[in-house]
Amino acid sequence: MHKNLNIYRTNINRKYSIMDNTFYNENNLSGLKKSDFQKTIDGKNTDLYILTNDNGAEIAITNYGGAILAIMMPDKDGKYANVIQGHDTIDNVINSPEPFLSTLIGRYGNRIANGTFKLDGKEYKLTINNGPNSLHGGPTGFHARVWDAEQTSKQSVVLHYLSADGEEGFPGNLDVTVVYTLSNENELIITYNAFTDKKTLVNLTHHAFFNLAGVSDPTPSVENNILTINADFYTPMNEVSITTGEISKVEGTPMDFRTPHVVGSRIDNDFQQLVYGVGYDHCYVLNKEEAGELTFAAKCIEPNSNRSLEVYTTEPGVQLYTANWHSGFEGYHKATYPKRSAICFEAQHFPDTPNKGHFPSAVLNPGDNYYQVTVYKFGVEE
């Protein structure tokens, strides 16, 4: 269990609104400008928020989709670089060729088969936006919404969004609060809370596209990254990327990262799951002693910079995705993002959970609190 679970719990019994951004520093490491992120969309204002810690690390965020634009972290020589794929203006965020690029995801991360599910015998229909399926809450999901925002300190920003009953087909008014914190241990801590007034589905995550070498033109492949995942099982999928419902052993397959392996060493193997995903795009069933505990999920090392990333989460699964569909589009400060130039660790419940009754439930009832903590801890390997 991660030792600092209690300090991540947050009081959500308040509403947040856009306020003056008093913590913004124009001379930030990311080189991003507040004026490039200020826009009014459907009567709500977007802005840029810069988090800094006592070590000099920095995270840049916009309240459009909760998108993370830059994470400035040092390498083995103390040189800072941006280790997440993002954009450098609000218009580029909105019009990104990858709409989920380093954004919040909701109401339901990952895929729901045929965009349909039942609750208490009633069938609900969602927008289809990924082959025959609904993906990541639909085309106007949480990634495409303007969140209310308040930067409460130099190290934390609070985002709030009220998702209306029926939005993208989901039932219930869902009141969501997400807190981003940059700790003095160089951790990005994301805390999620949500309440509903009607039984609904909730499976929130963040779709951060990491590259520990640093984004550039072109951003290098992550295939040299050394990866460990704390999972004995994963959820295999079919030809349209919907989980089959099986919980399969990683042992004896290219899916096995229980001990460190180079990401690219088996990614092109003639293994049906990798063929379906054009690489890794699979949910791992994390090893946990009890549900909801904050535990180690994964570790990634970039061998040239020696930067490392450890992932901890309260969620039962983590989706490993290796940016198999990136097209080389342009992002932050003219950086380009080719195929397999990022690695994602999307902490979540398993895909298509509402249609797989034996999977851990993603149902949220009125009066209950959806609660999740995911920690991305950056470091340098000795």
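Since the model is a prediction, treat every value here as computed from it, not as a measurement.

Undergrad: Sorry, what's going on with the sheet that holds strand β28 (residues 344-348) here?
TA: Whether parallel or antiparallel, the strands of a sheet pair through hydrogen bonds between backbone atoms. Strand order in the open sheet made by the five strands is β20-β19-β22-β25-β28, with antiparallel pairing throughout. Single-partner strands in this sheet number two, and they are β20 (248-249) and β28. Where strand β19 (residues 231-235) lies against strand β22 (residues 281-286), four bridges are found, and the strand directions are antiparallel. Bridging from a neighbouring strand, Thr235 pairs with Cys283 of β22.

Undergrad: Just checking my understanding: could you explain the side chain of Asn193 for this structure?
TA: Inspection of the secondary structure assignment puts Asn193 in strand β15 (residues 187-196). You can call Asn193 buried: its relative accessible area is 3%. Here Asn369 takes part through its side chain, which lies 3.1 Å from a polar atom of the side chain of Asn193.

Undergrad: Can you walk me through the nonpolar core in this structure?
TA: Here is a general trend for soluble globular proteins: nonpolar side chains tend to be buried in one another's company. Among the nonpolar cores identified, the biggest contains 58 residues, and Ile71, Tyr180, Phe210, Tyr284, Phe345 and Phe378 are the most heavily contacted of them. Core analysis: the second largest hydrophobic core is formed by 26 residues, Phe209, Phe329, Tyr337 and Cys344 among them.

Undergrad: Would you mind showing me how to read the pattern of salt bridges here?
TA: Where side chains of opposite charge bring their charged atoms close, a pairing between them can arise. Applying the stated criterion across every chain yields a total of 17 salt bridges. A salt bridge links Asp91 to Lys39; its shortest N-O distance comes to 3.0 Å. Remark: Lys39 occurs in strand β1 (residues 39-41) and Asp91 occurs in helix α1 (residues 90-94); sequence separation between them is 52 residues. With relative accessibility at 36%, the residue Asp91 sits in the partly exposed group. Its salt-bridge partner being Arg340, residue Glu223 comes within 3.9 Å of it at the nearest N-O pair. Remark: Arg340 occurs in the loop between β27 (336-337) and β28 and Glu223 occurs in the loop between β17 (205-206) and β18 (226-229); sequence separation between them is 117 residues. The class for Glu223 is partly exposed, based on a relative accessible area of 27%. By relative accessible area, Arg340 is classed as buried at 6%. One continuous salt-bridge network, built from bridges that share partners, spans Glu223, Asp268 and Arg340.

Undergrad: Even after reading the chapter, I still don't get unusual backbone geometry, so can you show me in this structure?
TA: Peptide bonds are mostly trans, and most non-glycine residues show a negative phi. Geometrically, the link from Gly106 to Arg107 is a cis peptide bond, its omega value of 5° lying close to zero. Along the polypeptide, Arg107 turns up in the loop between β7 (104-105) and β8 (111-112). The linkage connecting Asp217 with the following residue, Pro218, adopts the cis geometry, with an omega of -5°. Mapping Pro218 onto the fold places it in the loop between β17 and β18.

Undergrad: In this structure, what is going on with the pairing of strand β30 (residues 370-380)? I would like to understand it.
TA: Residues in a regular strand project their side chains so that they alternate between the two faces of the sheet. For β15 and β30, the ladder comprises eight bridges, and the chain directions are antiparallel. Within β30, the residue paired with Ile190 across the bridge is Thr374. Pairing between strand β24 (residues 307-313) and β30: seven bridges, direction antiparallel. By the bridge assignment, Val311 is partnered in β30 with Tyr376.

Procedures and definitions
- Residues numbered from 1 in each chain as written.
- Predicted model: local features only at pLDDT ≥ 70, side-chain atom pairs only at ≥ 80, totals over all residues.
- Heavy atoms only, no water.
- Pairing = 2+ DSSP bridges.
- Helix = DSSP H or I, 4+ residues; strand = E, 2+ residues; numbered from the N terminus.
- Buried < 20%, exposed > 50% of the residue type's maximum accessible area, 1.4 Å probe, protein only.
- Polar contact = N/O pair within 3.5 Å; in protein donor to acceptor, adjacent residues only side chain to side chain.
- Core = buried A, V, L, I, M, F, W, Y, C linked by side-chain atoms within 4.5 Å.
- Salt bridge = Lys/Arg side-chain N within 4 Å of Asp/Glu carboxyl O.

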